[in-house]
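What follows is each chain in one-letter form.
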Amino acid sequence: MRLAADIVGTRRVVLTIVQLCRETNSWKQLNEQIVLISKRRAQLKQAVSAMVKQCMSYIDETPDLDTRIELIKTLNNISAGKIYVELERARLVRRLAKIKEDQGSISEAAELMQEIAVETFGAMAKTEKIAFILEQVRLCLDCNDYMRAQILARKINPRVFVVDTGKEKKKPKEGDAVIEEAPPEIPSLLELKRMYYELMIRYHSHKNDYLEICRSYHAIYDTSTMKEDPLQSTPMLRKICWYLVLSPHDPMQSSLLNSTLEDKKLQDLPKFRALLKHFVTMEVIHWDAFWAFYEGEFNMESSLPGGVLGPRAFEDLRQRVIEHNILVVSKYYSRIRLVRFAELLNLSLQETEKHLSEMVVSKAFIAKVDRPAGIVSFQIRKDSNETLNSWATSIERLLDLVEKSCHQIHRETMVHRVTLKA
């Protein structure tokens, strides 16, 4: 049948062989027959594919763990390099990696998963692809391989989590690749979105990238199931507020800060609404009073979902308060003595100069320090061309104002003459 290219007959014979081995519990012979059948000359692809699918259903029926691992490895070896069974091989590798992880070999499990590039599989469902890549990322994070975790995470575009209910599913055309349905244990797209951003929070926490952590929490918070449940949305909104104020000042942070203040659910958290207002209002924040008011809320985060804010969170929070105060002073003063500057910030002269220099280097604003005179200048020195241009602009505005005034006077005079003649 094989040499005659009889697909139906060859498939029936192959399935009968493996079924007889299973019924007699001849697991060793089953492995031998799988290898023998796959190596036959001119073996049909359909027969090998049917055999692999049939044998995968026997994995859960194996008597012990060693027999199960041996069967998975046998199926994995014969499916390697064969496109028509790439989907089955990915599922086999995932099961083998799960066994290795349960045995404590996390690095070995991560290496097994990294061999499979599921993003190129046409027959795999979208949710199963995402779940497989997320498992790769999770294992890399467990192994502290943050560089590889970042590379794998970039294979997932966050736009895939947007569910468009308005579009109907297109019917597959003739010749299109048939996409198999995902197994029942694969989570839904909303659950995969939550898993993805939770892994991103783990990755960005390693680098203390507070703004990206905040954006990840915000993406989880924006899901419909999260907003409907106050028990989950309230701790998430608290985390968003904390990581917003911990983030360095930049346009994206400022935009997210103002949009979060417009959230109606923030009215149920008056302390956190006041926390964000502190960093929006151009007023100096007194650190001692600020920390005395928020210390309890800060320490409470360790007992809420998401865990503690991080080992450096306290120092970074104080740093953000100092940076906010420096920005406030730069808005109201063009020149200020360094001693008075230190008094406003409630810092020593050395600390004031240190924080000021760091912000100037990060290009948060422009300032110059005259150390012998002890004066900080926030003015930008203009060159001769800029000065002349500003003068020319001022003169032009003055002439326009004079011309408009003359026109109004002339108009009033004409109106007055007409009134007298009448």
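Preceding this section is the structure that the text describes.
Keep in mind that this is a model prediction, so the values were computed, not measured.

**Q** Account for the overall build of the protein chain, naming residues and giving values.
**A** When you go through the protein chain residue by residue, the secondary structure sums to 19 helices and 3 strands. For 422 residues, the compact-globule formula gives about 22 Å, and the C-alpha radius of gyration of the protein chain, at 34 Å, lies well above that figure. Seen along its three principal axes, the alpha-carbon backbone of the protein chain occupies a region of about 115 × 65 × 45 Å. The proportion of buried residues among the 422 residues of the protein chain is 40%.

**Q** I'd love a proper account of unusual backbone geometry, names of residues and values included.
**A** Positive phi, close to 55°, is recorded for Asn25, a residue that is not glycine. On the secondary structure map, Asn25 appears in the loop between helix H1 (7-23) and helix H2 (27-38). Of note in this structure, Asn346 is not a glycine but carries a positive phi near 60°. Mapping Asn346 onto the fold places it in the loop between helix H17 (338-345) and helix H18 (349-361).

**Q** Which residues make up the packing of helix H15 (residues 287-300) against helix H16 (residues 313-332), and what values go with them?
**A** In contact at an axis separation of 12 Å, H15 and H16 are set at 145° when each is read in the N-to-C sense. Relative to H16, H15 is oriented so that their crossing is right-handed. Facing Trp287, Phe290, Trp291 and Phe298 of H15, the residues of H16 in contact are Ala313, Phe314, Leu317, Arg318 and Val321. For the contact of H15 with H16, a count of residues per class yields 8 nonpolar, no polar and 1 charged.

**Q** Any details on the environment of Leu190? Residues and values, ideally.
**A** Along the chain, Leu190 falls in helix H9 (residues 189-207). Along the sequence, Leu190 and Arg411 sit 221 residues apart, while their C-alpha atoms lie 69 Å from each other. Excluding residues within four positions of it along the chain, Leu190 makes contact with Thr223, Ser224 and Thr225.

**Q** Give a description of the pattern of salt bridges that names residues and reports values.
**A** Per the counting criterion, the structure on display carries 23 salt bridges. We note a salt bridge from Arg202 to Asp142, for which the minimum N-O separation is 3.0 Å. Here the residue Arg202 occupies a position in helix H9, and Asp142 occupies one in helix H7 (residues 126-142), the gap between them amounting to 60 residues. Overall, Arg202 belongs to the partly exposed group, its relative accessible area being 37%. Taking relative accessible area as the criterion, Asp142 reaches 29% and is therefore assigned partly exposed. Connected through shared salt-bridge partners, Glu101, Glu135, Arg138, Asp142 and Arg202 make up one network.

**Q** A description of the packing of aromatic side chains should follow, citing residues and the corresponding values.
**A** On inspection of all chains with the given rule, the structure shows 17 aromatic pairs. Judged by centre distance (5.0 Å) and plane angle (45°), the rings of Phe290 and Tyr294 are tilted. Taken together, the residues span about one helical turn, with Phe290 and Tyr294 both in helix H15 at a distance of 4 residues. Ring geometry for Phe341 and Phe378: centres 6.0 Å apart, planes at 75°, overall edge-to-face.

**Q** Let's hear about helix H4 (residues 65-79): which residues, and what values?
**A** Over its 15 residues, H4 extends 21 Å from the first C-alpha to the last, a length consistent with the 21 Å expected when each residue adds 1.5 Å. All of the buried residues along H4 are Thr67, Ile69, Leu71, Ile72, Thr74, Leu75, Asn76, Ile78 and Ser79. Residues of H4 that are buried sit in contact with H2, helix H3 (45-56) and helix H5 (86-102). You can read the cap of H4 off the contacts: a side-chain oxygen lies 3.5 Å from the backbone nitrogen of Asp66, and it is on Asp64. Gly81 occupies a position one or two residues after H4 and carries a positive phi of about 80°.

**Q** Kindly report on the nonpolar core, identifying the contributing residues and their values.
**A** By size, the foremost hydrophobic cluster in this structure holds 98 residues, and its most contacted members are Leu30, Leu75, Trp242, Phe290 and Leu317. Sequence-distant contacts of Trp242, that is, excluding residues within four places in its chain, are made with Phe272, Leu275, Tyr294, Glu297, Phe298, Glu301, Leu309 and Leu317. Ile326, Leu327, Ile336 and Leu356 belong to the second largest nonpolar core, which has 15 residues in total.

**Q** Tell me about helix H12 (residues 230-246), and name the residues and values.
**A** Under the 1.5 Å per step criterion, the end-to-end length of H12 is 24 Å for 17 residues, consistent within 8% with the ideal 24 Å. Of all 17 residues that make up H12, 13 are buried, and the element is covered over most of its length.

About the cut-offs
- Residues numbered from 1 in each chain as written.
- Predicted model: local features only at pLDDT ≥ 70, side-chain atom pairs only at ≥ 80, totals over all residues.
- Heavy atoms only, no water.
- Helix = DSSP H or I, 4+ residues; strand = E, 2+ residues; numbered from the N terminus.
- Rg over C-alpha atoms; globule rule 2.2 N^0.38 Å.
- Buried < 20%, exposed > 50% of the residue type's maximum accessible area, 1.4 Å probe, protein only.
- Axes fitted to C-alpha atoms, helices over the stretch in contact; angles between N-to-C directions.
- Left-handed = near helix turned anticlockwise from the far one by under 90°.
- Contact = heavy atoms within 4.5 Å.
- Nonpolar A, V, L, I, M, F, W, Y, C, P; charged D, E, K, R; others polar.
- Salt bridge = Lys/Arg side-chain N within 4 Å of Asp/Glu carboxyl O.
- Phe/Tyr/Trp six-rings, centres within 6.5 Å; stacked < 30°, edge-to-face > 60°.
- Expected span 1.5 Å × (residues − 1).
- Polar contact = N/O pair within 3.5 Å; in protein donor to acceptor, adjacent residues only side chain to side chain.
- Core = buried A, V, L, I, M, F, W, Y, C linked by side-chain atoms within 4.5 Å.

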